[in-house]
Every structure is written in structure tokens, then in C-alpha cells.
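Examination of the molecular architecture
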Protein chains: 2
Amino acid sequence: MPRSPATPPRPARSAPEKDVSARVSALSARLKARGLKHSAVRDVILDEFFRAGTHVSIEQLLERVRKREPATGYSTVYRTLRLLVESGDATERDFGGAHALFEPADSHHHDHVVCVECGAVREFEEKAIEELQEKVARRLGFRITSHRLELYGLCSSCAAAGRAGRAP
Amino acid sequence: MPRSPATPPRPARSAPEKDVSARVSALSARLKARGLKHSAVRDVILDEFFRAGTHVSIEQLLERVRKREPATGYSTVYRTLRLLVESGDATERDFGGAHALFEPADSHHHDHVVCVECGAVREFEEKAIEELQEKVARRLGFRITSHRLELYGLCSSCAAAGRAGRAP
DNA sequence: TTTTCTGCAAACCATTTGCAGTTAG
DNA sequence: CTAACTGCAAATGGTTTGCAGAAAA
């Protein structure tokens, strides 16, 4: 039962202002077309979600959102994220930790490397691996619809920290 | 949130008698050395677990065990499996379904292909993929300690059934 | 007004654990 | 007799859902 740290310390890249607001308003329009209503809280959730740019848990996102909308409840964030997943704008990931993590759904497929020490998540793409997966599937007579590839280990910082010990 | 069927219909290979009993008694001895006691119920659980030969959930295993030891409780199976995982004799898997699945820990590493229709699980080994994973890790500065690769799709039977429709 | 949104609290549910009685050694 | 084992029932803990009031359209 691998347990990943509750709060990945490394903030990672965050999306540039323009990208985020454009994305949010486009999405907002799409939601409206679905007959859904507009709301301030939801806007903040969307904004913070796409601004985070990394894999965030509901709790982490809630924390960010509450800085702007203090009364926000867990369920609202939960339901909004669910909405995004259903509309295909977010992807739910389970890296074995306690909580599920969510990330904006990019158009391009990618897999993940997860640091078991600090929880940092990096993405990668390796065409050759995908091809080999297809080959294996063919060999076994399977028609693959999706896959899941995650590498677990130590990121360079944590590996270095480990070698050096934790002395100040 | 992928939901895999509760009861994989395909029984898959089951280990030959001799292998199982040998394995069970060896394990039993090892447990005794740990200061643990011998018990009829536990023996049945071990026997059924290694006899199953495939990925089984606690519930599935419990069902088999109860045919021989009707009074057996869920927690006992749970605790025995936990014991096996800790001793390195079993591996816990999570293919996204409701329950965790367990399989005897073989010495050789392997990955899985899972049929999303019937829940069948096949194992495979692809050295080339492992090597590419190492390459990717090196590129990103990670020291990999483990990984997880699962292919999801339709097995040949389910694919065929799908093409033919469900007519009798 | 009507429909959707929200926060809160309760419900879910697989998994864990506490407990008291049973059993192996 | 002591320590481990067992079944049962209750506790956990993240995730979902029911509900009544608030807010859009």
C-alpha cells in the first residue's frame, strides 16, 4: 500500500494568465450551452484549477479557492471537477496516494513519473513505448482502448537529499 | 471512473495440486518460524489463494474458502492476505475496479492487460518496454524504484462478441 | 418562477481495527 | 496458561448524495 505525501511541495509550472482566462471563458460558454448556470464560485474553481497547471487533489484546490471564496464547500469543488471530467476537460488520476488527483485534459497523451518522496509529478511521452504496447496487445489478441503507465521513484532533488543525509 | 465487472467470468489457469500444497506447506513453515500459530482456516485460505492462480478479490476468495470453512469471516481472509503481502508472498493490485485484487507474488516481474468487458487479466513481459522506461527516467533525472503498466481494452472473445452483437 | 447551484450533514462502501471468546502450543 | 487466531460489529476516511435555502435566468 504505497502512501504518497499529502502535499507535493514542488509547485511546478503554472499556466500563463491569458491561457487560463481564455480557457475558462471558453469552458464557461460551453457549460452555458449545456443549460448550466453561471456562478462566481465555479468561475474561481475553474480559474484556480487551470492556473494550478499541475496535478491537484480536491483538497488542494479547495484550499486555493477558499482564499478567494472562503465559504466554498468541498462538495462544490468535487462536483465541478466531476463536471470537468465528464465534459472531457479534466482527467482524474490515481497515483496510489490517499486522494485522487486531477489535471487539465491536454490534447496530447502522456504518461507520468511520480516521486515517492515529495510527490512531484512529471509528464513524459515515449512513442516507442506506445508502439511496443500495441505490439504486445496484438500478440495477446487484445484491442487496447487505453493504458496506464506510471514510473515511481526518486526525483533528482530527493535522490540528492537522500545521499547527503538530512543535515542542515 | 472506470468500473470493472465484479466477477471476472474466465477462471484462467489454476496451479497444479503439487505446486500448491508444496507452496502452502513451505509458507506455513515460514509463518510458524515467525512465531505465528497454525490454523485450519488459514490453511484453507492459503490453499485456495494459491490454487486460484489468478487475480482474486477478498470477496471472491472468501466465497471459495466458505465452501470448506463456512464460518469464515471477511476479516480473517483480509488479515491473511495482508500477512502474505507483508511477507512478500502476494501482491496487491488495483485495476480501477471496486475491490483490490491479489495475486501470488511470482519471482519474475510482469505487467497486465485487463479486459474492460469481462474483467479477464493476462500477464505479459516486455523487456524492451522496461528498457525504454529506464531511458525515460534517466532523461528526467529520476531513479526508478517501481512502475505500473496496465493495458485496458477488449480481449479477443469480448471483441468478437461485440462485433457479432448479442443475438443468441 | 423555475431550474441550477451551494454548503452542510448524512450516506456510501471497501477497508481496517477493537473486542471478547476460541484455540494452538 | 499465554499468545495468537477468529468472527462480529463498529470505526475509518475519501468519495457521493439528499436536502433546503440561495442565486441565476
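Residue positions are given per chain, counting from 1 as you read along its sequence in written order. Starting at A for chains and at 1 for ligands, labels are handed out in the order in which the entities are written. Restriction of local features to residues with pLDDT of at least 70 applies here, the model being predicted, together with a cutoff of 80 or more for giving and counting side-chain atom pairs; totals for whole chains, interfaces and linings are based on all residues. To get the side-chain values, take all heavy atoms of the structure and skip hydrogens and water.

1. With respect to the interface of chain B and chain A
Here is the rule: Two residues qualify as a contact provided that any one of their heavy atoms is within 4.5 Å of a heavy atom in the partner residue. Buried area: the sum, over both parts, of the accessible surface (1.4 Å probe) that disappears when the two are put together. In the sections that follow, a salt bridge refers to a side-chain nitrogen of Lys or Arg positioned within 4 Å of a carboxyl oxygen of Asp or Glu. Each polar contact in these results corresponds to two N or O atoms within 3.5 Å; when the atoms are within protein, one needs to be able to donate a hydrogen and the other to accept it, and residues that are neighboring in sequence are counted only if both atoms are side-chain atoms. A helix here means a DSSP run of H or I that spans at least four residues, while a strand means a run of E at least two residues long, and both kinds are numbered starting from the N terminus.
Taken together, the contact pairs 38 residues of chain B with 38 residues of chain A. Between chain B and chain A, a total of about 3,300 Å² is buried, with carbon and sulfur atoms accounting for 62% of that surface. The closest approach of N and O atoms between R139(A) and E126(B), which form a salt bridge, is 2.5 Å. Joining chain B to chain A, the criterion identifies twelve residue pairs in polar contact (both at pLDDT 80 or more). For the side of chain B that touches chain A, the secondary-structure elements that each account for two or more residues are β4 (111-115), β5 (121-124), α5 (127-140), β6 (143-154) and α6 (156-164) of chain B. In terms of residue count, the dominant contributor to the side of chain B that touches chain A is β6(B) (twelve residues).

2. Here's the deal with the sheet that holds strand β3 (residues 101-104) of chain A
Residue and element names in this part refer to chain A. Defined as follows: A pair of strands is considered paired only if DSSP assigns at least 2 bridges between the two.
If you trace the three strands from one edge of the open sheet to the other, you get β1-β3-β2, paired in antiparallel fashion. One side of each edge strand has no neighbouring strand; the edge strands of this open sheet are β1 (56-57) and β2 (90-93). Two elements, β1 and β3, share two bridges in a ladder whose sense is antiparallel. Bridged to V56 within β3 is F102.

3. Points about the domain arrangement of chain A
Residues and elements named next belong to chain A. Heads up, the condition is: Domain borders in the structure are assigned automatically or taken from a domain database.
Looking at chain A, the domain boundaries give domain 1 (17-103) and domain 2 (109-160). Each side of the interface is counted separately: domain 1 has five residues, and domain 2 has eight residues. In total, domain 1 and domain 2 occlude about 560 Å² of area from one another, counting both sides; carbon and sulfur atoms represent 53% of this. The interface formed by domain 1 and domain 2 holds five residue pairs in polar contact (both at pLDDT 80 or more) in total.

4. Regarding the relation of the copies chain B and chain A
Inclusion rule: The copies are overlaid by a least-squares fit using only the C-alpha atoms of residues whose pLDDT is at least 70 in both copies.
Relative to chain A, chain B is turned by 180° and slid 0.0 Å along the rotation axis, the superposed coordinates differing by an RMSD of 0.1 Å. What the superposition gives is, in effect, a two-fold axis relating one chain to the other. Nearest to the rotation axis, the C-alpha of L149(B) is located 2.2 Å from it, this being the minimum over chain B. In this assembly, 100% of the residues forming the interface of chain B have copies in chain A that are likewise at the interface, indicating an isologous arrangement.

5. Regarding the pattern of salt bridges
All names here are of chain B. This is how it is decided: Exposure is judged per residue with a 1.4 Å probe applied to protein chains only, and the accessible area is read against the type maximum: over 50% gives exposed, under 20% gives buried, and values in between give partly exposed.
In the structure shown here, the tally under the stated rule is 16 salt bridges over all chains. Close ionic contact of D89 with R30 constitutes a salt bridge, the shortest N to O distance being 2.9 Å. Here D89 is found in the loop between α4 (74-87) and β2 (90-93), whereas its partner R30 is found in helix α1 (residues 17-33), with 59 residues between them in sequence. Residue D89 is classed as buried on the basis of its relative accessible area, which comes to 14%. The partner of E48 in a salt bridge is R68, and the shortest N-O contact between them spans 3.1 Å. Of this pair, E48 sits in helix α2 (residues 40-52) while R68 sits in the loop between α3 (58-66) and α4, and the two are 20 residues apart along the sequence.

6. A few points about the pairing of strand β3 (residues 101-104) of chain B
All names here are of chain B. Covered by surrounding structure in β3 are L101 and E103 together with F102 and P104, the residues of both alternating faces. As paired strands, β2 and β3 are joined by four bridges and run antiparallel to one another. Pairing of A90 across the sheet is with P104, part of β3.

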